[in-house]
Amino acid sequence: MKTLIISFITFFIMANLTAQNNRKATEAKGLEVGQQAPVFSAKDANSETFQLSEKLKTGPVVLIFYRGQWCPVCNKHLSSIQENLEKIMDAGATVVAVSPEKPEYLDKTAQKTGARFTLLHDENYKIADAYDVTFLPGNMTRVMYNTMLGANLKEAHSDDSQRLPIPATFVINTKGKIVWRHFDPDYKKRSTTEDIVAALSSIN
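Residues numbered from 1 in each chain as written. Predicted model: local features only at pLDDT ≥ 70, side-chain atom pairs only at ≥ 80, totals over all residues. Heavy atoms only, no water.

Chemist: Account for the overall build of the protein chain, naming residues and giving values.
Modeler: The helix and strand inventory of the protein chain stands at nine helices and nine strands. Counting every position in the protein chain, which comprises 204 residues, the buried fraction comes to 47%. Put simply, 72% of the contacts in the protein chain that link residues at least 6 apart link residues at least 24 apart. Here the protein chain has roughly 10500 Å² of accessible surface; of this, 54% comes from carbon and sulfur atoms. (Helix = DSSP H or I, 4+ residues; strand = E, 2+ residues; numbered from the N terminus. Buried < 20%, exposed > 50% of the residue type's maximum accessible area, 1.4 Å probe, protein only. Contact = heavy atoms within 4.5 Å. Areas by Shrake-Rupley, 256 points an atom, 1.4 Å probe, with all protein chains shown as cover.)

Have a look at this one:
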């Protein structure tokens, strides 16, 4: 009986993981405003560890998920964040952007966008999964990303699932609560600096 129970639990867990690994962008919901932000640690391009819990001790954190250095819309968004970074910093916040790409690809993002804020490698999608932003693009979409845009998802990520994050933005206050978010399955729609600063101003 005990063996059957363990087998059932294992099957249930694996079924849930498979469903999450294969879901469409419209099935990802993202964490809601008011929820506790999952704490995490991750490596940057220099193999230094960023810890959300430690950074929140110094002020709010703006957490941005982006798809990769191959994504023109992501690069335009991160460039805009960098151009207006001083406004966000003046509001007392730190910006950190997370991608499933390995550390060596983070340098490419920094070169393309001029980003001087922290870029992190989300190994095994742990952060994206925790914030409920992970999805699997369709077959033809993956082919386009890999061939036309040079995403090379299987090589650039820590596994070959080729999953991606919804390009969401979360503002997290010093108590670890999500106080604002921009979440849209349409990858062309991104958070604006104005909205981020307004959200930060509302908690100061």
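After presenting the structure, the write-up continues.
Chemist: Which residues make up unusual backbone geometry, and what values go with them?
Modeler: Phi is positive for Asn 124, which is not a glycine, with a value near 60°. Mapped onto the fold, Asn 124 is located in the loop between strand S5 (118-121) and helix H6 (126-130). Residues other than glycine seldom take positive phi values, yet Gln 162 does so here, at roughly 65°. Structurally, Gln 162 is set in the loop between helix H8 (153-156) and strand S7 (164-165). The class for Gln 162 is buried, based on a relative accessible area of 9%.

Chemist: Could you give an account of the sheet that holds strand S3 (residues 61-65), naming the residues involved and the relevant values?
Modeler: Backbone-to-backbone hydrogen bonds pair the strands of a sheet. The strands run either parallel or antiparallel. Within the open sheet, the seven strands sit side by side as S2-S1-S5-S4-S3-S8-S9. Their pairing is mixed. If you trace the sheet from one side to the other, it starts and ends with strand S2 (49-51) and strand S9 (178-182), each paired once. Going across the sheet, the axis of each strand differs from the next one's by a mean of 30°, ignoring polarity. Sheet topology note: the strand S4 (residues 94-99)/S5 ladder contains four bridges and is parallel. Considered in S5, the bridge of Ala 97 is made with Leu 119. The strands touched by helix H3 (residues 72-83) within the sheet are S3, S4 and strand S8 (169-172), with S3 carrying the most contacts at an inclination of about 160°. (Pairing = 2+ DSSP bridges. Axes fitted to C-alpha atoms, helices over the stretch in contact; angles between N-to-C directions.)

All quantities given are derived from atomic positions and should not be read as evidence of function.
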